[in-house]
Amino acid sequence: MRAVGLLGPAFVAAIAYVDPGNVAANITAGAKYGYLLVWVLVVANVMAVMVQYQSAKLGVVTGKTLPETLGRRLSRRSRLLFWAQAELVAGATDIAEVIGGAIALNLLFGLPLPIGGVIVGLVSMAILSMADRRRQRRFETAIVALLAVIVFGFLAGLLVNPPDAGGIINGMVPRLDGAETVLLAASMLGATVMPHAIYLHSSLVIDRHGQPIGAGRTRRLLAVTRIDVVIALVIAGTVNIALLVLAASSLYGREGTDSIEGAHDAVRDALGPVVAAVFAVGLLASGIASTSVGAYAGGAIMGGLLKRRIPILVRRAVTLIPAVVVLALGVNPTMALVISQVVLSFGIPFAIVPLRRYTADRALMGEFADGRPLRWASAVAAVAIVVLNVVLIGLTFA
């Protein structure tokens, strides 16, 4: 029972894996290509479990976040350049999350997107006001409650229209079908193995568990952390796969399903207004929870790499501006979501390569350094992601 009380940080990090960018990428993939890309989500989720555990382990063992560890080891110029790309990734994330929440408010209440974006930002500020070490569990509880709403909102459609088991099994065979499927695969990968969540998790475990005190306690915390990560990421992975499967089973071949609004309309036509409303509520919870977690991650990135602490509510207010501007300019919101996930995919190697190096470093991690199987697995994941991004760049310019 004591171990259950230590669970929580991974559930906060897992919110990043069920944000509106995931909704856009997964629904687009399922509606256009059926079950073809199920395998991408499965592989991405396995990678996510691995790298989130490594990030949490770094924090538990060293008492330093990944951004702090980078900040201590990079030169000033390298540190600033690294911060710039990490901040770009965090910004792309924030835009996606606010847009998703704004779309949900538009679907539910007909609110204009810019006004919806401001409301999502204000609600996230209220949640972030609980994000400090004295009230960390209260913040985690709020996020987990939103996660429960997300799970119910995005799984409800499958209860009404169960998917084709044969199609899911067939979708587990790795293959692609043209340049657009590579773009979607990169988008889904960026939405599942999220760089800002990698930076964040090492901060979450420190805020929850404090500094390391003795090898025995560290060993116990790592055992709990493994359970925490597996449970949280399996839930997040199930939601992601459910979104793609829902689109493949209910929306495949329908016109207009390349946008969240169109997908919502198609869900309403195919499964009824109640399921459509529940879906929109899940999207709203996703936007509010993920933008709160994204702002938390941005604070950890800035604190570790710039060595400056800006009040998280101030940062939330400032980072809300680009998202509201995008909404006010009338940019296609679903396409903005998908492109934001591609930007995230480009940022993944900058997070996982140094993470792999640090968690394998015996001088830093001591007896808790990664073993050979984990070192090889993380190397394969890093190479696969870099290769995918190189292919994506080539196809984009072509």
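This one's a predicted model, so the numbers in the text were calculated from it and none came from an experiment.

Q: When you look at the UniProt feature "transmembrane region" (unreviewed entry) in the protein in this model, what are you seeing that I'm missing?
A: Per the UniProt record, "transmembrane region" (unreviewed entry) is annotated on residues 35-53, 111-131, 143-162, 182-206, 227-252, 272-301, 313-331 and 376-397. Note that residues 227-252 is 92% helix and 0% strand, and that its end C-alpha atoms are spaced 36 Å apart. Secondary structure content for residues 272-301 is 97% helix and 0% strand, and the end C-alpha separation is 43 Å.

Q: Can you help me understand a nonpolar patch on the surface in this one?
A: Together, I321, V325, L329 and V331 make up a nonpolar patch on the protein surface, roughly 370 Å² of accessible area in all. Position of V331 relative to the elements: it lies in the loop between α15 (312-328) and α16 (333-359).

Q: Before we go on, may I ask you to explain the pattern of salt bridges in this structure?
A: Side-chain pairs of opposite charge can arise whenever the charged atoms involved come near each other. Under the criterion given, the structure shown has eight salt bridges. The partner of K57 in a salt bridge is D370, and the shortest N-O contact between them spans 2.4 Å. Linking K57 in helix α4 (residues 38-62) with D370 in the loop between α17 (362-365) and α18 (372-397), this pair joins segments that are 313 residues apart in sequence. For the pair K57 and D370, a shared accessibility class is recorded, and that class is buried. The residue R316 makes a salt bridge to D94 at a minimum N-O spacing of 2.6 Å. Note that R316 is positioned in helix α15 and D94 in helix α6 (residues 76-109), a separation of 222 residues in sequence. Like D94, R316 is buried.

Q: Explain the packing of aromatic side chains here, please?
A: The geometry of two aromatic rings is summed up by the distance between their centres and the angle between their planes. This model, assessed by the stated rule, comprises four aromatic pairs. Summarising the aromatic geometry, the rings of F82 and F350 are spaced 6.3 Å apart at their centres and angled 85 degrees between planes, so their arrangement reads as edge-to-face. Separated by 268 residues along the polypeptide, F82 in helix α6 and F350 in helix α16 bring together distant segments of the chain. Their ring planes at 55 degrees and their centres at 5.5 Å tell us that F154 and F279 sit as a pair that is tilted. Of this pair, F154 sits in helix α8 (residues 136-160) while F279 is found in helix α14 (residues 273-305), placing the two residues 125 residues apart along the sequence. The pair F154 / F279 is uniform in exposure class, with both members buried. Linked through ring pairs, F82, Y199 and F350 together constitute an aromatic cluster.

Conventions and cut-offs
- By convention here, each chain's residues receive numbers from 1 onward along its written sequence.
- Whole-chain, interface and lining totals are the exception, using all residues; otherwise, since this is a predicted model, local features are given only for residues with pLDDT of at least 70 and side-chain atom pairs are given and counted only at 80 or more.
- Where side-chain values are given, they derive from all heavy atoms of the structure, hydrogens and water being excluded.
- UniProt positions are given in the numbering used here, feature names are shortened, and annotations may be inferred rather than shown by experiment.
- Each helix is a run of DSSP H or I of at least 4 residues and each strand a run of E of at least 2, with the numbering of both proceeding from the N terminus.
- Patch membership requires more than 30% relative accessible area and the absence of a salt bridge. Residues of like charge join within 9 Å; the nonpolar side chains Val, Leu, Ile, Met, Phe, Trp and Tyr join within 5 Å.
- In short, Shrake-Rupley with a 1.4 Å probe defines the accessible areas, and a residue's cover is counted only from the protein chains shown.
- The rule for a salt bridge is simple: a side-chain nitrogen of Lys or Arg has to be within 4 Å of a carboxyl oxygen of Asp or Glu.
- Partly exposed describes any residue whose relative accessible area lies between the buried limit of under 20% and the exposed limit of over 50%, with all areas from a 1.4 Å probe on protein chains only and scaled to the type maximum.
- Only Phe, Tyr and Trp rings are paired, with Trp represented by its six-membered ring, and only when their centres lie within 6.5 Å; those with planes under 30 degrees apart are stacked, over 60 edge-to-face, the remainder tilted.

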